[in-house]
Amino acid sequence: MTRTADFTQKPVGAVLLRIVSRAQALLAELLRLSDRVPPVFHPNTDSRFAPVIFGFRYLKSPELFEERIEASADLLALDDEFRETYQNFLERIFFLFDGIVKYYSDVMRYLEDLQEGVYIESTVESVLVDEEGRQLLVEAVTLHGVLILLLEHRLSGPLREQLVIGYYRSRGSTDIPNFDAICTLCRSSPSPSVSAMASVASFAQLLQGAPPPVPSNMLMISRPEELLANFLFPKHVIQTMIGQLLSDDLYHQVRHYPNPEHRSTALSSQASSLYILLFYAPQMLHNDQLAMRGIVDKFFRECWVIPIFMGFTVDLSQAWDRFKAAKAALSPFIAISAASELVQRHTSKVTVLLSELGAFLSEGVLTQDFVLSNMSSLLSCLRNCNVTLRWLLLHRTTGSRKLRDAVAGNPAAQESALDTLLSLLLDTARLEFEVKRIYGDLLEGKQGRWEQCRAHAVDCIEELSEFFSGSKILSKRVADENLQRWFQQMSIQVNVLDYPEAISAGRKIQQIIAALEEVEQFHQIEASLQTRQYLSETRAQLHEMVRTLNVQESTLATVSVVSDAAYAWGLIDTFTERIHERIRAEPFTVLKLQCLFLKLRSIMDIPLLRISQCNSLDLLSVSEYYSSELVAYVRAVLEIIPVSMFAILNDVIAVQTKRLRDLPARLEKVHLRDYAQLEERFTLAKATHQVAVFTQGLLAMKLTFMGAIELDPRQLLEDGIRKQLVGQLAFALQSILVFTTGTGEELEEKLQELFVTLRSQRRSMEYFQDYVHVHGLQLWQEEFTRIINFNVEQECNVFLKRKVKDWESALQSTTVPISSYMGTDRGLSRSPTFMGQLVKKLLNLTHPTRSMYLAPMSGWFNADGHELVGLHTFTLLQTSLGPTGMAGIDRLLSFNAANSLQHVLNVLSEQVDDELVGKLRNLEGSLSPPSAIPDAGVLVYNELVAKLSNHQVWSSWVEKLAQIGQIQMLRTLIASHLRAASKVDAGLVSLGLEGLNAAVLDAITNTSKFVQNDIHQTPLSGEGKTKLLVELRKQLQMCGLHSPHCAIYITSPPPEYLSLILFLVTLSRLPRYLLDSHLGTLTSKTKKNALDCCPLVVGFGTLLQQFHPSHIISYVQYLGQYIQTHIEHSSMGTNSDKKALELPSEVPTAAAWLLSLFKYVNIPQNMLDLCLPAPILDGIETK
């Protein structure tokens, strides 16, 4: 067992290993969450939540802030919405802050325990003496510094303060552990004051031009030592660690880089740790010139841009500019002359290295024999390539303009240099891949190859022994007993060579080779060509055995260390566009990219090493994060293939829709050439070939694993096609469904345009699916459905208190994202999605004050008799958006109806005061029982009806109720179209759903039988019942197998005297209508500000349907009583008159209202017979 295993298995080592692994998990969480901070928290963001988001100034007087919020109902509602929307994220980010604070406490407690002797025979000094302990302790302190610096870099101070206060307020409690320490961690650092010298320097920079842009992965932190000063470690521990880093090769990297020129690369890990640790001892950076000179000479004389963690870099020329001793030590090495010399040295190697790589990568060169014979040359080439790449990539990002110009040169030279660097990077990655593959095969088959060579050598020596015995003839019969015995002994010695004893076997083989060379000088052997050939073959096999023994895992480890590319994470994005250009020119460049992706996989080694060593539960989470980042980069690089494919696809769409003519069923011979359209078909064939070549290039990649994620080229191709398809579909929907006028013609024109666009895209996908090896129509349908449902979900947020944010949606995907951008011109409705635009357009066209619904025509008409929305409109909706779009419109309308019903109910509850309740109570007594005629006759209604008629609130309330009815009628027509389409296009599905629905209803209604029989597990119970009902409801709505008039939208309790109030409101509205015998419906007496009667009746019925059936029964009874009262009153006035009974105008109007209610709301017919007996109803219809 090694010392490493010994240390980590002791308590002192196991605890330290767990601490370091937790730091790696915290870093992964920090990177993950910093990429997902909602935009509302970013400073200087114009967000509607800004009034309820505060920094640490909130802690000075929280009562004042809370009082200001509580004083405003709007702010209270906004605050509630903010908490419900961002509660989960705030908790997670706060746990991260708490984890960083606890990590520091755990490291300090570990050091204190070492000092106090808690761990037997272990002290700080003994831990630092142990090889693994030294590494782990340095990593524990260094990673804490990395956490603090990355926290400042990724989450600015004001942002951290807002996140902490957001959690503090949402928690609703001041008893939060470690809150003071978390505030210290997250407090925004004050901006450093600008000195006079700094002002002069800034002015000089301004004269020279703008400074070069700083890469996002470069840390530019003004005063890092002040951030770390809040979390100090013991001074002697820091000094001891710095001493260890200066004196030791902590990770034994120098053995992998024997060339002294590569010393800075070999010690780069220690250099990163040293950079962090020096900020815990800033006095060295300021004053200790001797120590800083030694540090710079060993670690930074050739590298002033260094990586510190996962591709995050620092520029020492700027980071150490404020420290006197550090700046003085570094200055000679970052002078323009010194930098130019380094640039010249590395750039001059690029051409030579490309030539060497080209020679190695030539077809047929890299064989097992070549690798065995030239491994030293291959390793030297790989070292030089990686060191050169590392230096040039890192130092191209320096923050100093002069140094960057020295490294990168002028813009023209930069472009050429980047192309050359990309070639070097791709060829280096390919050579590494091939060497690892071949050497891995050699290592795996090492013993078998060795034994095969040994057997061949033994056979050759035995044949020579037989030859000299005289029993076997090679050239002529020769007998030599001494040589025969000697070769026989050699055969035995070779045969007993043991593979596990590699060292002794190697020495014996060398001795045997020397002996065979000596015996070849004998006259009997020298004179025989065949004998010499056998001896030569035997020595070759023995040499092969020696070479096979020299195949060691350490060599493969050296290749892995040398090929590490963790420093390039974040820098590699520079080449993405150039890689795209190469793929466009040669799709099979993808094969080289696979080697590059495997090279980049090394970024996962360091963060996962300690986590896997201690078998932490964080391994899966951290591995998935870094794997997902790698896969995201791979997708970004390979995205050019589907992008290029869809660019070709757009040309194909243009040819198919605009230039290519459909062949008729019968064609005259003379017109055959005209319909052949050879040029167009050649263009189509050429485009098809190009798409097939792109596909072939991507599919040539092999199945690989990027960490914890499997990278399947077929899946990459499919995901890329999905992404481009989603982009085109979303753009078409968002750009076409924008309405700028209020006419119905615009709606139909837009729907027709959308139908043509979507049909052409669908046809092109169908055409290409065989050439790209994907199910094109299936992808099209799945992504179109997802886009529709996603936009419906986002539009429904308007009606929800707990919003479903873009990134939280189950319909959103990081791999195939759906853009929610609507553009600058959102039309008249200003809706955030195209589905909202479409629904609001329908609602505007069918608004009850601007249109009239005619049941026989199933459409809405304006005052001039022009159809606004009708069956043709719904047919266009069906053909353009399909069942998914129609169901989405239906869902949005249902949310709108629920919101409007709740608003109507709230307004009604506010209007029913004590005075009105008293009057309603008296009126109810006067009207009881509903089957009798009230004593006061028609006069009993006048007072309250007059009050309701003249109040503006009730007019607005009635209009809102009519809009609810309008929504219900739209939903009914949509359901009718969906039902008809499902029966025609999917008859079996429709019949199956109807049967399943009936069976489920029967099972629910018969549940009581199971309970009575003591059967606890019914056919529909528990979680399965809920899932079944939810999914069944979705499918029924998709096929239109539901009745919107029976829908229950709200569950609030009804106000007092609901049916009586609605009855009185009805009476207040009836005088505004008259019965049109031609149309068979109630129409408005005045055309100005007319409110359509049909939606108003449906609105009343919908509101009553939300509550117990007794309410709608009472409402109908009151209307029947009202009609009978007027008939009775009119008959009393004409009792002695012989003329026919003249019914008052109120009777036909009220009867028509009641009949419309029964027609649209699906009230049972027997209830109508109870309220209006058949003789009375016949009399009304006759009149």
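Residues numbered from 1 in each chain as written. Predicted model: local features only at pLDDT ≥ 70, side-chain atom pairs only at ≥ 80, totals over all residues. Heavy atoms only, no water.

### Looking at the overall build of the protein chain
In step 1: For the protein chain, the helix and strand inventory stands at 52 helices and nine strands.
In step 2: When burial is assessed residue by residue, the protein chain has 50% of its 1183 residues classed as buried.
In step 3: When contacts within the protein chain are restricted to residue pairs at least 6 apart in sequence, those whose partners lie at least 24 apart make up 78%. (Helix = DSSP H or I, 4+ residues; strand = E, 2+ residues; numbered from the N terminus. Buried < 20%, exposed > 50% of the residue type's maximum accessible area, 1.4 Å probe, protein only. Contact = heavy atoms within 4.5 Å.)

### Here we look at the side chain of His-346
In step 1: Within the fold, His-346 resides in helix H18 (residues 336-360).
In step 2: Beyond its immediate stretch of four places on either side in the chain, His-346 contacts Val-387, Thr-388, Trp-391 and Leu-392.

### Details of the confidence of the model for the protein chain
In step 1: Scored by pLDDT, the protein chain has a mean of 83; 90% of the residues are at 70 or more.
In step 2: Confidence drops under a pLDDT of 50 for residues 1135-1140, and excluding neighbours within four residues, the segment shows one contact in the predicted structure. (pLDDT = per-residue confidence, 0-100.)

### Remarks on the side chain of Gln-135
In step 1: You can see Gln-135 is positioned in helix H6 (residues 131-154).
In step 2: Residue class for Gln-135 comes out buried when judged on its relative accessible area of 8%.
In step 3: Gln-135 has contacts with Leu-250, Tyr-251 and Arg-610, leaving out every residue within four places of it along the chain.

### Remarks on the pattern of salt bridges
In step 1: Considering all chains together, one arrives at 35 salt bridges under this definition.
In step 2: We note a salt bridge from Arg-169 to Glu-66, for which the minimum N-O separation is 2.8 Å. Taken as a pair, Arg-169 in helix H7 (residues 157-171) and Glu-66 in helix H3 (residues 62-70) lie far apart in primary sequence, 103 residues in all. You'll find Arg-169 and Glu-66 in the same group, each marked buried.
In step 3: Salt bridges sharing partners connect three or more residues here, namely Glu-718, Arg-722, Glu-782, Glu-783 and Arg-786. (Salt bridge = Lys/Arg side-chain N within 4 Å of Asp/Glu carboxyl O.)

### With respect to the sheet that holds strand E6 (residues 859-861)
In step 1: Across the sheet, three strands lie side by side as E5-E6-E7; this open sheet has antiparallel pairing. The sheet is open, and its two borders are formed by strand E5 (852-854) and strand E7 (867-869), each paired with just one other strand. When the angles between neighbouring strand axes are averaged without regard to direction, this sheet yields 45°.
In step 2: Alignment of E6 against E7, held across two bridges, turns out to be antiparallel. By the bridge assignment, Phe-861 is partnered in E7 with Glu-867. (Pairing = 2+ DSSP bridges. Axes fitted to C-alpha atoms, helices over the stretch in contact; angles between N-to-C directions.)

### Focus on the pairing of strand E1 (residues 305-309)
In step 1: For E1, the tally of buried residues reaches five of five residues, placing the bulk of the element in the interior.
In step 2: Linking two consecutive strands that pair antiparallel, namely E1 and strand E2 (residues 312-315), is a turn of two residues; a positive phi of about 50° is found at Met-310 within it.

### Notes on the packing of aromatic side chains
In step 1: The full count for this structure, using the stated rule, is 35 aromatic pairs.
In step 2: Note that Arg-762 overlies the ring of Trp-780, its terminal NZ or CZ placed 4.7 Å from the centroid. (Phe/Tyr/Trp six-rings, centres within 6.5 Å; stacked < 30°, edge-to-face > 60°. Lys NZ or Arg CZ within 6 Å of the ring centre and 35° of its normal.)

### Points about H18
In step 1: With 25 residues, H18 ought to run about 36 Å at 1.5 Å a step, and its terminal C-alpha atoms sit 36 Å apart, in line with that.
In step 2: Helix geometry: H18 is bent most strongly at Val-350, by close to 30°.
In step 3: What H18 keeps buried is the set Ala-338, Ala-339, Leu-342, Val-343, His-346, Val-350, Leu-353, Leu-357 and Phe-360. (Expected span 1.5 Å × (residues − 1). Bend = angle between axes of the 7 residues up to and from the residue.)

### Quick word on the nonpolar core
In step 1: With 332 residues, the main nonpolar core has Trp-320, Trp-957 and Phe-1063 as its most contacted residues.
In step 2: Element by element, the count of residues in this core is highest for helix H4 (residues 73-116), at 19 residues.
In step 3: Once residues within four sequence positions are removed from consideration, Trp-957 is found in contact with Val-904, Val-907, Leu-908, Leu-1062, Val-1065 and Leu-1103.
In step 4: If you look at the next biggest cluster of nonpolar residues, it comprises 23 residues, including Trp-450, Cys-453, Met-490 and Leu-497. (Core = buried A, V, L, I, M, F, W, Y, C linked by side-chain atoms within 4.5 Å.)

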